[in-house]
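# Structural overview
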Amino acid sequence: MEDIVVPFIAITSIFIGLPWLFLHYMTKWKQAPKITHEDEQLLDELHLLARRLEDRLNTVERIVAADHPDFKPSLSQPEWRPEGRPESRLARTDYTLDRRN
């Protein structure tokens, strides 16, 4: 009896259980909410706002550093290039607004 039950359970789980499990999670994945065009626009606007706020913060830190030599700037302070123009650490990332997943 045991010689028949164990192979039957193994074959049943391989040919019925695993495909059912795979198809079950495939349908759950397809039913998951997707990002809408409005959400995408909101994320782009928030990203631009964060960039503007970082530029403002860097400007304020440069003004304070000019007045107080012992001022220690935050991590978002831009690094100065030889030409004298600041380059933000965020500007060096490969993120562009037109890149989509």
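Residues numbered from 1 in each chain as written. Predicted model: local features only at pLDDT ≥ 70, side-chain atom pairs only at ≥ 80, totals over all residues. Heavy atoms only, no water.

## Quick word on the overall build of the protein
- Of the regular secondary structure elements, the protein holds 2 helices and 2 strands.
- Along the protein, helices and strands appear, N-terminal first, in the series α-α-β-β.
- Out of the 101 residues in the protein, the part that is buried amounts to 7%.
- When the accessible area of the protein is evaluated, it comes to approximately 9200 Å², of which 65% is carbon and sulfur surface. (Helix = DSSP H or I, 4+ residues; strand = E, 2+ residues; numbered from the N terminus. Buried < 20%, exposed > 50% of the residue type's maximum accessible area, 1.4 Å probe, protein only. Areas by Shrake-Rupley, 256 points an atom, 1.4 Å probe, with all protein chains shown as cover.)

## Let's talk about helix H1 (residues 2-31)
- The terminal C-alpha atoms of H1, which comprises 30 residues, lie 42 Å apart, in line with the 44 Å expected from a rise of 1.5 Å per residue.
- Where H1 bends most, at Ser-13, the angle is about 35°.
- Counting buried residues along H1, only 0 of its 30 residues qualify, which leaves the element largely exposed. (Expected span 1.5 Å × (residues − 1). Bend = angle between axes of the 7 residues up to and from the residue.)

## Notes on a nonpolar patch on the surface
- A surface patch of nonpolar side chains, amounting to about 920 Å² of accessible area, comprises Ile-11, Ile-14, Phe-15, Ile-16, Leu-18, Trp-20, Leu-21 and Tyr-25.
- One can find Ile-14 in helix H1.
- Given a relative accessible area of 46%, Ile-14 falls into the partly exposed group. (Patch = residues over 30% accessible without salt bridge, like charges linked within 9 Å, V, L, I, M, F, W, Y side chains within 5 Å. Salt bridge = Lys/Arg side-chain N within 4 Å of Asp/Glu carboxyl O.)

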